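Here is how the chains run, residue by residue.
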Amino acid sequence: KILSLFYRGFIKTISHFSYLANTSTSVFIANPYLSKINTIKLRLKLWSFPSKNIRPKYVKKLNLNKVFRESLCLSKKGKSEFENFIIRMMLSHIPYSYLEGLGDLKKAANLNKWPKNPKAIVTAVDFISDDLFKYYCANSVLTGSKINTICHGGGGKYKYSDWQDMDLNISDNYFTWGWSEYSSKCVKGFFVKDITYKRNGNKDERHLLHVMLSQYRYLKGIDATPSYEQYINEYLNDQTQFLNALRSDIKNEVITKLSYDFENSLQDRIDDKCPGLNYATMKDDYNKLMSKSKLIVTTYNCTTPVEALNMNVPTIIYWRPNHWELSPSAIPFFDKLRDCGIFHDSPESAADMVDKIWDDIDGWWQSEDVKSACNDFREWFCRDSEDPIGELTRFCKM
């Protein structure tokens, strides 16, 4: 109890000091996607002190005002029946926090010991799902603050993506992991995730980590990904085709990594056509699974192939090109990965390659064409930096 009181007093003191120390010329940092030690280093460089968040004080009551929402819908008219439908759906589904709960949201956000009108606000993910932070950002922007966003993964590869467009649209400056197209706001950055593991040849690793996607049943965003119908009827079928095409000794070493299920009954669907697999779930340490795998097989366009290649873990990538359309700038890099056997357009081709290299993965992975393709990929999608804190400091000050 004494330690608890001491800790709360210490946090309160630090919070009060931070509130006084953070001035309008300071940079406010929130969840930058760095390790604790690198976050501290960055804060010290910028003289930006951590601030207390009172998140628990904001409670969503969810008392919807149906009359007010209906009046909003009636006040807007489109040019066609379809436009009227879209307007009605959008206005009637405005999140509670931004309509009936806006007053409570404002009160809660104003209680935070966050700096008033900082020169810049820097984050990687808090602008996505933290309503208190969103209100704070919006209010700060109105009084002159800049929003400097750090890429949170997976970007730079999609032919079209509304979530990436949103990231760029709301940012004044955008720190990538190496790529620099799409917008003049893009700053050529580096791979900010603190995965310090780098493979230097297989040792006693024996598993094949097979990484799968779980798709939302209903449309969440518009980007270069398969529809739910394509996911159920084609993507999942591709996974069982790949697994069943493997040699039996390799198949026994497979660990299929499942993400959130989203009521798709993934394990049952896979077991029905390919029984006897070993599974990993969201509860398992992803980085540990990757670092302990002999080979990683990733099946959709996401952050996983970027992380795997950054870690230098032998990797096979396969997906249908019409399901995951690539941006023009990404195509040459994937063409080079295809030429050396890393990237494949079908599950059969990927399984053939796994069978071919399994008994001497290092011999393939350390060949000159593979190393060249991987180095080019890393430079664009997960660049390493010799001065990471310096680069981020300069970005934060923009």
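Quick note: structure is the one above.
What you see is a predicted model, and the numbers here were worked out from it, not measured in a lab.

Student: Break down unusual backbone geometry for me, with residues and values.
Tutor: Even without being a glycine, Y33 presents a positive backbone phi close to 75°. Looking at where Y33 falls in the secondary structure, it is placed in the loop between β1 (27-30) and α2 (36-46). Even without glycine at this site, F262 takes up a positive phi of about 55°. Relative to the helices and strands, F262 resides in the loop between β7 (254-257) and α11 (266-273). A residue is classified by how much of its surface remains accessible, and F262, at 29% relative accessible area, is partly exposed.

Student: I'd like a rundown of the nonpolar core, residues and numbers included.
Tutor: If you look at the biggest cluster of nonpolar residues, it comprises 86 residues, and the most contacted ones within it are F242, L295, I316, F334, I342, V354 and F381. In this view, L295 contacts H207, L208, L209, P314, T315, I316, V354, I357, W358 and I361; residues no more than four positions away in its chain are not counted. If you look at the next biggest cluster of nonpolar residues, it comprises 14 residues, including A108, A109, F133 and Y135.

Student: Report on the environment of Y216, specifying residues and quantitative values.
Tutor: Secondary-structure assignment places Y216 in the loop between β6 (207-211) and α9 (228-245). For the pair Y216 and E263, spaced 47 residues apart in sequence, the C-alpha separation works out to 8.7 Å. A distance of 3.0 Å separates a polar atom in the side chain of Y216 from a polar atom in the side chain of K220.

Student: Any chance you could break down the pairing of β7 for me, citing the residues and the numbers?
Tutor: In β7, alternate side chains face the same way, and those of V254 and T256 on one face and I255 and K257 on the other are all buried. Relative to β7, β6 is paired through 4 bridges, and the arrangement is parallel. Residue V211 lies in a different strand from β7, and its bridge partner there is K257. For the segment spanning β7, α11 and strand β8 (residues 278-280), crossover handedness is right-handed.

Student: Account for the sheet that holds strand β3 (residues 146-150), naming residues and giving values.
Tutor: One open sheet holds the 5 strands; their spatial order is β1-β2-β3-β4-β5, and the pairing between them is parallel. Where the open sheet ends on each side, the last strands, each with one partner, are β1 and β5 (186-187). Alignment of β3 against strand β4 (residues 173-175), held across 3 bridges, turns out to be parallel. Bridge assignment links I150 to a residue of β4, and that residue is F175.

Student: Let's hear about the state of the cysteines: which residues, and what values?
Tutor: Taken as a whole, this structure holds 0 disulfides when the rule is applied. No disulfide involves C186; its nearest neighbouring cysteine sulfur is the one of C151, lying 8.9 Å away. The thiol of C340 is not disulfide-bonded; the next cysteine sulfur, from C374, is found 6.1 Å away. Here C340 falls in the buried class, since its relative accessible area comes to 7%.

Student: Before we move on, can you summarise the sheet that holds strand β11 (residues 343-344) with the specific residues and values?
Tutor: One open sheet holds the 6 strands; their spatial order is β8-β7-β6-β9-β10-β11, and the pairing between them is parallel. A single partner strand is all that each edge strand has here, and the edge strands are β8 and β11. This element, α9, spans β6, β7, β9 (293-298) and β10 (315-318) of the sheet and lies at about 170° to β6.

Student: Break down the pattern of salt bridges for me, citing the residues and quoting the values.
Tutor: Applying the stated criterion to the full structure yields 16 salt bridges. Put simply, E253 and R206 hold a salt bridge, and the shortest N to O gap is 2.6 Å. In this pair, E253 sits in the loop between α10 (248-251) and β7 while R206 sits in the loop between β5 and β6, placing the two residues 47 residues apart along the sequence. Exposure remark for E253: the relative accessible area of 19% places this residue in the buried category. The partly exposed category is assigned to R206, whose relative accessible area is 47%. Salt-bridge contacts for R247 lead to D249; the nearest nitrogen and oxygen are separated by 2.8 Å. Judged by relative accessible area, R247 falls into the partly exposed class, the value being 25%.

Student: Describe in detail the packing of helix α14 (residues 331-339) against helix α17 (residues 368-381), supporting the description with residues and values.
Tutor: Viewed as axis vectors pointing N to C, α14 and α17 meet at an angle of 155°, and their least axial separation amounts to 9 Å. Judged by the angle between their axes, α14 and α17 are roughly antiparallel. The two elements α14 and α17 meet at a crossing, and its hand is left-handed. On α17, the residues touching F333, F334, K336 and L337 of α14 are S372, A373, C374, D376, F377, W380 and F381.

Student: Please provide a residue-by-residue account of the packing of aromatic side chains, values included.
Tutor: In the structure shown here, the tally under the stated rule is 27 aromatic pairs. The interplanar angle of 45° and the centroid separation of 6.5 Å between the aromatic rings of F133 and Y136 together place this pair among those described as tilted. Taken together, the positions of F133 and Y136, both in helix α7 (residues 131-142) and 3 residues apart, correspond to about one turn of that helix. Overall, F133 belongs to the buried group, its relative accessible area being 1%. On the accessibility criterion, Y136 (9% relative accessible area) is buried. A network of ring pairs unites the aromatic residues Y300, W319, W324, F333, F334, F343, F377, W380 and F381 as a single cluster. Note that K257 overlies the ring of Y286, its terminal NZ or CZ placed 4.9 Å from the centroid. Across the ring face of W358, the terminal group of K294 is positioned such that the distance to the ring centre comes to 4.2 Å.

What counts and how
Residues numbered from 1 in each chain as written. Predicted model: local features only at pLDDT ≥ 70, side-chain atom pairs only at ≥ 80, totals over all residues. Heavy atoms only, no water. Helix = DSSP H or I, 4+ residues; strand = E, 2+ residues; numbered from the N terminus. Buried < 20%, exposed > 50% of the residue type's maximum accessible area, 1.4 Å probe, protein only. Core = buried A, V, L, I, M, F, W, Y, C linked by side-chain atoms within 4.5 Å. Contact = heavy atoms within 4.5 Å. Polar contact = N/O pair within 3.5 Å; in protein donor to acceptor, adjacent residues only side chain to side chain. Pairing = 2+ DSSP bridges. Right-handed = clockwise from strand over helix to strand, strands pointing away. Disulfide = S-S within 2.5 Å. Axes fitted to C-alpha atoms, helices over the stretch in contact; angles between N-to-C directions. Salt bridge = Lys/Arg side-chain N within 4 Å of Asp/Glu carboxyl O. Parallel < 35°, antiparallel > 145°, perpendicular 65-115°, else oblique. Left-handed = near helix turned anticlockwise from the far one by under 90°. Phe/Tyr/Trp six-rings, centres within 6.5 Å; stacked < 30°, edge-to-face > 60°. Lys NZ or Arg CZ within 6 Å of the ring centre and 35° of its normal.

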